[in-house]
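What follows is each chain in one-letter form.
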Amino acid sequence: AEVDRYGLPLTMVLCKNCGTLRTNPYLDSASLDAFYRETYLALYGWAPVMEDYFARQFSYGERVLALYDRELPAHASVLEVGCGAGGALSIFQGRGYRVAGCDLGPDLINYGTTRGVDNLWNGTLHEVPKNLANQRYDLIYLHHVFEHMASPSDTLQALSQRLTPQGRLLVVVPDITRVDQYP
């Protein structure tokens, strides 16, 4: 496609190997940063009612927890990159895990903080607060975030440096299988 669903002139390509959709070429880092900080949430409208958005995230967090709960050590540490309001992290925190998350949506981060989710920050993985700078995680996950990274290989390298020796990385990306379910 050469135009996205909102009429923006973005060339989209499909990976024939894995089915991932992405822009081609990738936007540069400055353009990505500006888009996600200033435009993304307003354009895509994922969180018109914060309570509903948080609940959807919580439900997703339950599915992630079901995948990893038996593998994680007691009091494991969990990081979500692109955490939105932290709804998914709240399920982990409620089970006694230490959590942290970053997102470029300040309103989302503020909402999650008011809901009691610990260690949320507005920014990228590279803008981690000083109190979390040396933290390593038993689970790091990205839900529909990885495909937006300017340099996927650099992102994987940065994430690997934040994992504990037995840590797990979960990367969920959109694919072509449900494209007909979106406007």
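Now for a quick tour of the structure.

**Let's talk about unusual backbone geometry**
Thought 1: Positive phi outside glycine occurs at H75, with the angle close to 60°.
Thought 2: Examined against the element boundaries, H75 turns out to sit in the loop between α3 (50–68) and β3 (77–81).
Thought 3: The phi dihedral of N119 falls on the positive side, at around 55°, and the residue is not glycine.
Thought 4: Relative to the elements of secondary structure, N119 occurs in the loop between α5 (106–114) and β5 (120–122).

**Things to note about the pairing of strand β4 (residues 98–103)**
Note on strand geometry: in a regular strand, side chains alternate between the two faces of the sheet.
Thought 1: With five of six residues buried, β4 is to be regarded as a mostly interior element.
Thought 2: The pairing of β3 with β4 spans five bridges and is parallel. The residue bridging E80 from the neighbouring strand is G101, located in β4.
Thought 3: The handedness of the β3 to β4 crossover, carried by helix α4 (residues 87–94), is right-handed.
Thought 4: Bridging between β4 and β5 involves three bridges; their strand directions are parallel. Pairing of C102 across the sheet is with W121, part of β5.
Thought 5: After leaving β4, the chain enters α5 and then returns to the sheet as β5, a path that is right-handed.

**Overview of the pattern of salt bridges**
Thought 1: Within this structure, the stated rule accounts for two salt bridges.
Thought 2: Residues R95 and D69 are paired through a salt bridge, measuring 3.8 Å at the closest nitrogen-oxygen approach. With R95 in the loop between α4 and β4 and D69 in the loop between α3 and β3, this residue pair connects regions lying 26 residues apart in the sequence.
Thought 3: R95 gets classed as exposed once you look at its relative accessible area, which sits at 52%.
Thought 4: One salt bridge connects R168 with E71, and the closest N-O pair in it is separated by 3.1 Å. In this pair, R168 is assigned in strand β7 (residues 163–172) and E71 in the loop between α3 and β3, connecting sequence segments 97 residues apart.

Conventions and cut-offs
For every chain, the first residue of the written sequence is number 1, and numbering continues from 1 along that sequence. Under the rules for a predicted model, residues below a pLDDT of 70 receive no local features and side-chain atom pairs below 80 are neither given nor counted, while totals for whole chains, interfaces and linings still include all residues. Side-chain measures here rest on the full set of heavy atoms in the structure, leaving out hydrogens and waters. Helix numbers and strand numbers start at the N terminus; a helix is a DSSP run of H or I with at least 4 residues, a strand a run of E with at least 2. Type-normalised accessible area, obtained with a 1.4 Å probe on protein chains alone, sets the label of each residue: buried when under 20%, exposed when over 50%, and partly exposed for intermediate values. Strands are labelled as partners when DSSP assigns at least two bridges between them. With its strands directed away from the observer, a crossover is right-handed exactly when the path from the first strand over the helix to the second travels clockwise. When a carboxyl oxygen of Asp or Glu lies within 4 Å of a side-chain nitrogen of Lys or Arg, that pair is called a salt bridge.

Note that every value here comes from positions in space, so none of it alone points to a role or purpose.
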